[in-house]
Amino acid sequence: MPRSKKFRRARLIVIVLVVLLVAGAGYGGYRGVAAVRASFPEVDGSVKLAGLSAPVDVKRDANGIPQLYADTSEDLFRAQGYVQAQDRFWEMDVRRHITAGRLSEMFGDSQVETDTMIRTMGWRQTAQKEFDTVLGAETKKNLQAYADGVNAWLAEHPGGSSASLEYGLLGVVNGDYKPEQWTPVDSVAWLKAMAWDLSGNLQEEIDRSLLAQDFSREKIDELYPDYPYARNGTIVKTGAVNGTSYKPADGSAPAAGGTGTAAGSGTGTAQGTAATKAMLKDVTDRIDALPELLGRNGQGIGSNSWVVAGSHTTTGKPLLANDPHLGPGLPSVWYQMGLHCRSVSPACQYDVSGFTFAGMPGVVIGHNKDIAWGLTNLGADVTDLFLEKVTGPETYLVDGKEEKFELRKETIKVAGGEDRTITVRTTRTGAPLISDPSTEQQNVGKYAPNGDSAPDRGTGGYGVALQWTALIPGKTMDAVFALDRAKGWEDFQKAAADFAVPAQNLIYADARNIGYQAPGYIPVRGKGDGRYPAPGWDSAYQWKKDPVPFSALPWSLNPSSGYIVTANQAVVESSYKYDLTHDWEYGTRAKEITDQIEARLKNNGKISPDDMQEMQLDNTSILAKTLVPMLLKVQIDDPYVREAQDLLKDWNYHQDADSAAAAYYNGVWRQLLTLAFGQKFPADLRAEDNCLLVREQADPTKPDSKSRIVTECGTRDPGKAQPDGGDRWTEVVRQQLEKPDSSWWTYIDSQHKEQKGLDNLLREAMTNARQELTSLLTKDITTWSWGRLHKLELRERTLGSDDSSIASSAVHKLLNRGPYRLSGGSAAVDAAGWNAAAGYQVDWIPSMRMVIDLNDLDASRWINVGGASGHAFHENYNDQTDLWLKGKLLTWSYSPDAVEKATKHRLTLTNG
């Protein structure tokens, strides 16, 4: 729906206002500088904060990172809310509107579709249920104290430019908007956004179904190969499950073994018709419309963490490293801070420091005085799509009988427009129909997919329902506080038992031990294996009442290898009793990290903190070690192409930003994927600007119809198009390279002729890459570099895209930072990911890096991709970016003496 004239005119005013404002600030204009700085937080002196039982000290270092000191837990979290609001309230406010499905109240009708999808899933309702019914009393008390602190700051800054520059911009467009009071549920709801962006294989489930329109199950399986257990190993060696209790195997390094044969074969219900394709594309479009607060969800994005026992380190105590890979943006996803009780006691239980999220109390990743922990995405399959036989506006079919939907009306208020009312339909299993659009009545799936057990589609068609563990109230917020105050392994495991969603790999260290725990609410399915949409009309496919018992989930303590690596690889071998997922990452990064640790330990070597930091920066392309020798063997007659081919002769496989060879190799990789796979994929999987000439078959019902060549363009958001070139594709290509006559090596050349054979395709890929890099860079290959292609732009994300809300390209140019030239690659340890189906721009990054030294916590190190502040022109907005780009880490002060020494600004919060 077009935006109102009021909003269009107002946005033009905003653009002019911001340009003048910032120009004034840049040239020293008094009013411009004053307007920009008005919202900067007070960081020195004394401020009254009602409700405190005693003063709280806020000590900030040169990077604006706050360390808080209080006498009670309630004071500590009240102060945390106040301080985070000082730095990040605009971001917090936008985030809570996202999770509540209320963006339209801020930004108008451009956000109705987003709000509709989130309201349909019911993120906020689930968060409210968690707070009301499952969270512990201590957690609720902490959440309320945090909310009180936020609201104390909000009372001093009720809106407008005194709160942040962005509110000044919003006020021109939506002058009636005023921020509401913060509530504890606002904080809890953020966990739903985390869970969504880190959910399992939902996109893979859809993609396999879309591929089924054109490919057999056997060919699809080649695109989703079995996990290479024998080559890349698992996080822990598979132990035994007796009853519901997991017993670890004898300690060892991540083990080889198993065949990787996936159990089950799906339902077969999502194949065969063009209508199914349209239905699933509709669901994909709705999913794509959701904001990506942490990064793109699903397979492809990951994280690294590893921990090394003290017997193998130069410090004599464990070392722990972590670098979660998330989508880039400003403000930074993470917020660094320390929460310290002056004296740890039952009245004040915390002395913790690390990374958290603005809008959420506690610390998510970090250490206290006794333990350290890190997170990577486990990748468990916690989402399933169910095809539902809708028989009427209020009914659907299960086991041949009609069931009634649970109906819920939602009213979406729209700034500058009329309210919209939607009806949400939910099945008896709690799965909302995500195929319902934002109108009150809708029949979806006019044409049913084929299947032997499928009921007649009639006139109602099929709906698509989403079963997702994050829509079941859980205790993850309890787990966060429990981790923060844990004193040892037993406390750590008890905390992990409540870490329901998102399911994460938790690594652990204390002064004497290292460990691993897989937590999470992971469903047990009836029939089916979660790889394809299931038939909702057959109750045999529904989830069992109880999930995988926590006591049965894999764990390890002090393995004999002396280290543990988690990088989204398979947790255990396929012999494990429960199906955690069939869509693991393929272990390329995990194997490289493991190999590096082993190489350093060879001959009784020791690993230092510098080694841990250096390993985080490893940008080696592992597949290049296999592919480059094959590329060099291909006979190239054209000297223009051969000149580029020669770049690979002495390449060390490092994807450095200044490497010409890395640029050419990745160009060839992109072209290889396009020729072998992208050409053959349906438009629903290809990027919007990827247009191909295809043959349209004659219509047999029309005598005069003839086949013809037509242009068919992709329809998917480029950032989510396939083949994206991530870790799965390295395994696909690795396996197909062993089959020179594979049908995947048949392609259409630049003359629109069909060609066959691996060598021919590699030659074509090298030729096309030479041409593409010449057009993107220059004809002179001596000027080429990977960083000129592989760029990172840190974009301000809370204002939306250039075409929505109050955003414009002019506004974003003022608030964004970059572009920066990056080393690394999608399947490298230094995971500066990019989507090969769309281009070379960096899509996800190590969003932070940390190395924790259990021998001397003050010797630990950390870095954020941006900075502490959410105020675009503050000195701490992205002051850590240059260090992050260079792979450097800041000293992470923890003890009172170290914090005092690093303190640059002191603020005292007093009751008043």
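Reference entry: report on the structure contained in this document. Since the model is a prediction, treat every value here as computed from it, not as a measurement.

**What to know about the environment of Phe681**
Then comes step 1: Structurally, Phe681 can be placed in the loop between helix 20 (660-676) and strand 23 (691-696).
Then comes step 2: Taking the relative accessible area as the measure of exposure, Phe681 reaches 2% and is therefore buried.
Then comes step 3: Sequence spacing of Phe681 and Gln213 is 468 residues, and the spatial spacing of their C-alpha atoms is 9.8 Å.
Then comes step 4: Beyond its immediate stretch of four places on either side in the chain, Phe681 contacts Leu211, Phe215, Leu223, Arg686, Gln722, Pro723 and Trp729.

**Some details on the side chain of Asp510**
Then comes step 1: Counting through the fold element by element, Asp510 comes out in the loop between strand 18 (504-509) and strand 19 (514-517).
Then comes step 2: Of note is the side chain of Asp510, whose polar atom sits 2.8 Å from the backbone nitrogen of Arg512.

**A few points about helix 15 (residues 489-496)**
Then comes step 1: Within the span of helix 15, buried status applies to Trp489, Phe492, Gln493, Ala495 and Ala496. Down the axis of helix 15, the buried set is contained in an arc of 160°. They therefore lie on one face. Those residues of helix 15 that are exposed and aimed more than 90 degrees away from the buried face are Glu490 and Lys494.
Then comes step 2: Looking at the packing, one finds that the buried side of helix 15 touches strand 11 (372-377), helix 14 (476-485), strand 18, strand 19 and strand 21 (555-557).

**Some details on the packing of aromatic side chains**
Aromatic ring pairs are described here by two measures, namely the spacing of the ring centres and the angle between the planes.
Then comes step 1: Applying the stated rule across the entire model yields 39 aromatic pairs.
Then comes step 2: Ring centres of Phe215 and Trp744 lie 5.5 Å apart, and the angle between their planes is 40°; on these two criteria the pair is classed as tilted. In this pair, Phe215 sits in the loop between helix 10 (202-211) and helix 11 (217-223) while Trp744 sits in the loop between helix 21 (727-736) and strand 25 (747-748), placing the two residues 529 residues apart along the sequence. Each member of the pair, Phe215 as well as Trp744, is classed as buried.
Then comes step 3: Ring centres 6.2 Å apart and planes at 75° place the aromatic pair Phe355 and Trp892 in the edge-to-face group. Taken together, the residues span a long stretch of sequence, with Phe355 in strand 9 (residues 351-356) and Trp892 in the loop between strand 33 (890-891) and helix 26 (896-902) at a distance of 537 residues.

**Quick notes on the sheet that holds strand 3 (residues 66-70)**
Then comes step 1: The mixed open sheet is built from 11 strands, whose spatial order is 1-34-2-3-8-9-10-11-18-19-21. At either end of the open sheet lies a strand with only one pairing partner, and these are strand 1 (45-48) and strand 21. Across the sheet, the mean angle from the axis of one strand to that of its neighbour is 15°, orientation sign disregarded.

**With respect to the packing of helix 3 (residues 73-99) against helix 7 (residues 137-156)**
Then comes step 1: Look at helix 3 against helix 7: their axes get within 7 Å of each other, and the N-to-C directions meet at 50°. It follows from the interaxial angle that helix 3 and helix 7 lie oblique. Handedness of the helix 3/helix 7 crossing: right-handed. Between helix 3 and helix 7, the contacting residues are Ser73, Glu74, Phe77, Arg78, Gln80, Gly81, Tyr82, Gln84, Ala85, Gln86, Phe89 and Met92 on the first element and Lys141, Asn142, Ala145, Tyr146, Asp148, Gly149, Val150, Ala152, Trp153, Leu154 and Glu156 on the second.
Then comes step 2: Split into classes, the residues belonging to the contact of helix 3 with helix 7 amount to 11 nonpolar, seven polar and five charged.

**Thoughts on the nonpolar core**
Then comes step 1: Ranked by size, the top nonpolar core spans 235 residues in total, and within it Trp468, Tyr576, Tyr664, Phe677 and Leu909 carry the most contacts.
Then comes step 2: The biggest single contributor to this core is helix 20, with 12 residues.
Then comes step 3: Setting aside chain neighbours within four positions, we find Tyr576 in contact with Thr238, Val241, Tyr246, Val548, Ala552, Leu553 and Pro554.

**Structural notes on the side chain of Thr469**
Then comes step 1: With respect to the secondary-structure elements, Thr469 resides in the loop between strand 17 (462-468) and helix 14.
Then comes step 2: When residues no more than four places from it in sequence are discounted, the contact partners of Thr469 are Val382, Val501, Tyr521, Pro523 and Trp543.

Reading the values: the criteria
- Residues numbered from 1 in each chain as written.
- Predicted model: local features only at pLDDT ≥ 70, side-chain atom pairs only at ≥ 80, totals over all residues.
- Heavy atoms only, no water.
- Helix = DSSP H or I, 4+ residues; strand = E, 2+ residues; numbered from the N terminus.
- Buried < 20%, exposed > 50% of the residue type's maximum accessible area, 1.4 Å probe, protein only.
- Contact = heavy atoms within 4.5 Å.
- Polar contact = N/O pair within 3.5 Å; in protein donor to acceptor, adjacent residues only side chain to side chain.
- Arc of directions from axis to C-beta.
- Phe/Tyr/Trp six-rings, centres within 6.5 Å; stacked < 30°, edge-to-face > 60°.
- Pairing = 2+ DSSP bridges.
- Axes fitted to C-alpha atoms, helices over the stretch in contact; angles between N-to-C directions.
- Parallel < 35°, antiparallel > 145°, perpendicular 65-115°, else oblique.
- Left-handed = near helix turned anticlockwise from the far one by under 90°.
- Nonpolar A, V, L, I, M, F, W, Y, C, P; charged D, E, K, R; others polar.
- Core = buried A, V, L, I, M, F, W, Y, C linked by side-chain atoms within 4.5 Å.

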